[in-house]
Every structure is written in structure tokens, then in C-alpha cells.
Amino acid sequence: MSSDRLILAAGAAFAHALLSRFFISFLSEITSRPEIGTALTAALLALVNFALFAFVFIILKRLLNERYHLREADLPILALIGLNGLAVGLALLPLLGFGPTFVGRAFAGAGVAVGLAWLALAFQLFRLPAGTLAFQRPYALLIAAAGIGFVSVRLLTLGVILGAVADLLLGTILFKESGKPAGF
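Values in this document were obtained by computation on a predicted structure and should not be read as measured data.

Chemist: Is there a simple way to explain the overall build of the chain in this structure?
Modeler: Regarding its fold elements, the chain presents six helices and zero strands. Ordered by position from N to C terminus, the α and β elements of the chain give α-α-α-α-α-α. Residues counted as buried form 47% of the 184 residues belonging to the chain. Nonlocal contacts in the chain, meaning residues at least 24 apart in sequence, comprise 72% of its contacts between residues at least 6 apart. For the chain, the accessible area works out to roughly 8,800 Å², and carbon and sulfur atoms hold 72% of it.

Chemist: How do you make sense of the nonpolar core when you look at a structure like this?
Modeler: Nonpolar side chains tend toward joint burial in soluble globular proteins. Judged by nonpolar contacts, the single largest core of 46 residues is most densely connected at F57, L64, W118, L121 and Y139. Mapped onto this core, the elements with two or more residues apiece are helix 1 (3-32), helix 2 (36-66), helix 3 (74-91), helix 4 (100-127), helix 5 (136-152) and helix 6 (156-178). It is helix 2 that provides the largest number of residues to this core, a total of ten residues. Apart from the residues within four sequence positions on either side, L64 is in contact with H69, L70, A73, I77, L125, L128 and L133. Of all hydrophobic cores here, the second largest spans ten residues; its members include A87, L93, A106 and A110.

Chemist: Can you help me understand helix 5 in this one?
Modeler: Along an α-helix, a turn takes 3.6 residues, which lines up residues three or four apart on a common side. Under the 1.5 Å per step criterion, the end-to-end length of helix 5 is 24 Å for 17 residues, consistent within 8% with the ideal 24 Å. If you check which residues of helix 5 are buried, you get Q136, Y139, A140, L142, I143, A144, A146, G147, G149 and F150.

Chemist: Is there a simple way to explain the packing of aromatic side chains in this structure?
Modeler: Centre distance and the angle of the planes are the two values used to describe a pair of aromatic rings. One pass over the structure, following the stated rule, counts three aromatic pairs. Between the aromatic rings of F53 and F57, the centroid separation amounts to 4.3 Å while the plane-to-plane angle is 25 degrees, which identifies the pairing as stacked. Remark: F57 and F53 occur in helix 2; sequence separation between them is four residues, near one turn of the helix. Judged by centre distance (5.8 Å) and plane angle (65 degrees), the ring pair of F57 and W118 falls under edge-to-face. Of this pair, F57 sits in helix 2 while W118 is found in helix 4, placing the two residues 61 residues apart along the sequence. Members of the aromatic cluster, connected to one another through ring pairs, are F53, F57 and W118.

Chemist: Looking at this model, I keep getting lost on a nonpolar patch on the surface. Mind explaining?
Modeler: On the surface, L96, F98 and F102 cluster together into a nonpolar patch covering about 320 Å² of accessible area. Relative to the assigned elements, F98 resides in the loop between helix 3 and helix 4. When its relative accessible area of 36% is taken as the criterion, F98 is described as partly exposed.

Chemist: Would you mind showing me how to read the packing of helix 3 against helix 4 here?
Modeler: Angle between the axes and distance between the axes are the two parameters that describe a pair of packed helices. Running from amino to carboxyl end, helix 3 crosses helix 4 at an angle of 165 degrees, the nearest separation of the two axes being 9 Å. The orientation of helix 3 relative to helix 4 falls into the category roughly antiparallel. Every pair of crossing elements has a handedness; the one defined by helix 3 and helix 4 is left-handed. Here P76, I77, A79, L80, L83, L86, A87, L90 and A91 of helix 3 come into contact with helix 4, specifically with V103, A106, F107, A110, A113, V114, A117, W118, A120, L121 and Q124.

Chemist: When you look at the pattern of salt bridges in this model, what are you seeing that I'm missing?
Modeler: Pairing is possible between side chains of opposite charge, provided their charged atoms come close. Throughout the structure, instances matching the rule amount to two salt bridges. Residue R62 is joined to E66 by a salt bridge in which the shortest nitrogen-to-oxygen separation is 3.2 Å. On the criterion of helical spacing, the pair formed by R62 and E66 is a turn pair, its members being four residues apart in helix 2. Judged by its relative accessible area of 37%, E66 falls in the partly exposed class.

Rules used throughout
Here the residue numbers are simple positions, counted from 1 along each chain's written sequence. pLDDT decides what is reported in this predicted model: residues at 70 or higher carry local features, side-chain atom pairs at 80 or more are listed and counted, and totals for whole chains, interfaces and linings draw on all residues regardless. Excluded from the side-chain calculation are hydrogens and water; included are all heavy atoms of the structure. Starting at the N terminus, helices and strands are each numbered in turn, a helix being any DSSP run of H or I of at least four residues and a strand any DSSP run of E of at least two. Per-residue accessibility, obtained with a 1.4 Å probe over protein chains only, is compared with the maximum for each type, and a residue is labelled buried under 20%, exposed over 50%, and partly exposed between these values. Here a residue-residue contact requires only that any non-hydrogen atoms of the pair lie within 4.5 Å. The Shrake-Rupley method, run with a 1.4 Å probe sphere, supplies the accessible areas, and residue values consider only the shown protein chains as cover. Think of a nonpolar core as a cluster: buried Ala, Val, Leu, Ile, Met, Phe, Trp, Tyr and Cys residues, connected wherever their side-chain atoms sit within 4.5 Å. For a helix, the expected span equals 1.5 Å multiplied by the residue count minus one. Between rings of Phe, Tyr and Trp, where Trp is taken as its six-membered ring, a pair exists when centres lie within 6.5 Å; planes separated by under 30 degrees are stacked, by over 60 edge-to-face, and by other angles tilted. To count toward a patch, a residue needs a relative accessible area over 30% and no salt bridge; like charges are then connected within 9 Å, while nonpolar side chains (Val, Leu, Ile, Met, Phe, Trp, Tyr) are connected within 5 Å. Think of a salt bridge as a Lys or Arg side-chain nitrogen and an Asp or Glu carboxyl oxygen that are within 4 Å of each other. Between N-to-C directions, angles span 0 to 180 degrees; the directions come from axes that are lines fitted to C-alpha atoms, helices contributing only their stretch in contact. For this classification, under 35 degrees means roughly parallel, over 145 means roughly antiparallel, 65 to 115 means roughly perpendicular, and everything else is oblique. A clockwise turn of the near helix away from the far one marks a right-handed crossing, whereas an anticlockwise turn of less than a right angle marks a left-handed crossing.

Shown next, in the form of C-alpha cells:
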């Protein structure tokens, strides 16, 4: 894993942390009043959000596989990537004529699945020996707390905020990993 790629992924994680908050705001706009301009903006944000998320988590997956031989985290990471792709599709539902009630329920259902995937990833990160990754335990705790927020649905806003903080911490982790020798 090249340090350039890790640095690029760290920057993408920081950008995703900032962009995801705007994405969630537009999603709430869609569910309250689905206008074509809002829906198109949300779809564009969803696509950019997905690209950043997928890139960061593919790099995280490769890092965990290549340096730390943790292949058990692959399934939760791939599930998170797939569910983020699903969010892009759900953001397009208002453009297809689906009402705000249906869209809101679809996002709530997807949110529960995302929360479960976050919890599964946190569990796998806890299985690594302490100190393997810088900030490994705080990151795992943050994504577990975010997962609980997503699963509860009522604490979704808290889950989104914790997820953004976790993205910032993941960016820091990837940046720190870029300074380690490739064979470490």
C-alpha cells in the first residue's frame, strides 16, 4: 500500500466527513418537500458522497488485508459500500415520483442496515490487538456508537454526527499509516 494512496484516502475521508452532513440535510429536505431541484442536488451529493466513501473504505480494506491480515472486516466494509450505493438509488426515488413518506421509510430501513454493518466493523476492529492502528479503539468505539444511533432510528442524527467524527478520525488513521514502512 503506497503512502500516496493512503494520504489521498485520508483527504477523501476528511472531505467525506464534511460532505456527509450536507448530504443528510438534503435528504431531510427531500422527505419534507420533494422538489426537483432539491432532489437533483441530493442525487449529485449522494453520488459524490458515495465515490468518496467507496474510495476511502476500499483503501481501508486493502490496508487491513495487506498490513494486518484482517480479512474478517471485508464483509462489513463491502456491506457499508453497498449500502452507500443503495443510498444513491434511494436519493433518486423522489425523481421517480415516490412520495416523502415512502422515501423516509426506505432511508430508515437502510439506516438500520448501515448501523448493523457499522457494529460488525467495530467488532472486527476490536479483534485486532490493541495499538495495531493508531486511534484504533477510539475509532471502533465511535463507529459502534454511530451504528447504535443508526439502528435505533430515533438517534439517527447523533449517529450521523458520530459518523462524521469517525470519518475525521479515520482520515487521521490513514494519514498516520502513510508514514509506516510498506512491510510493517
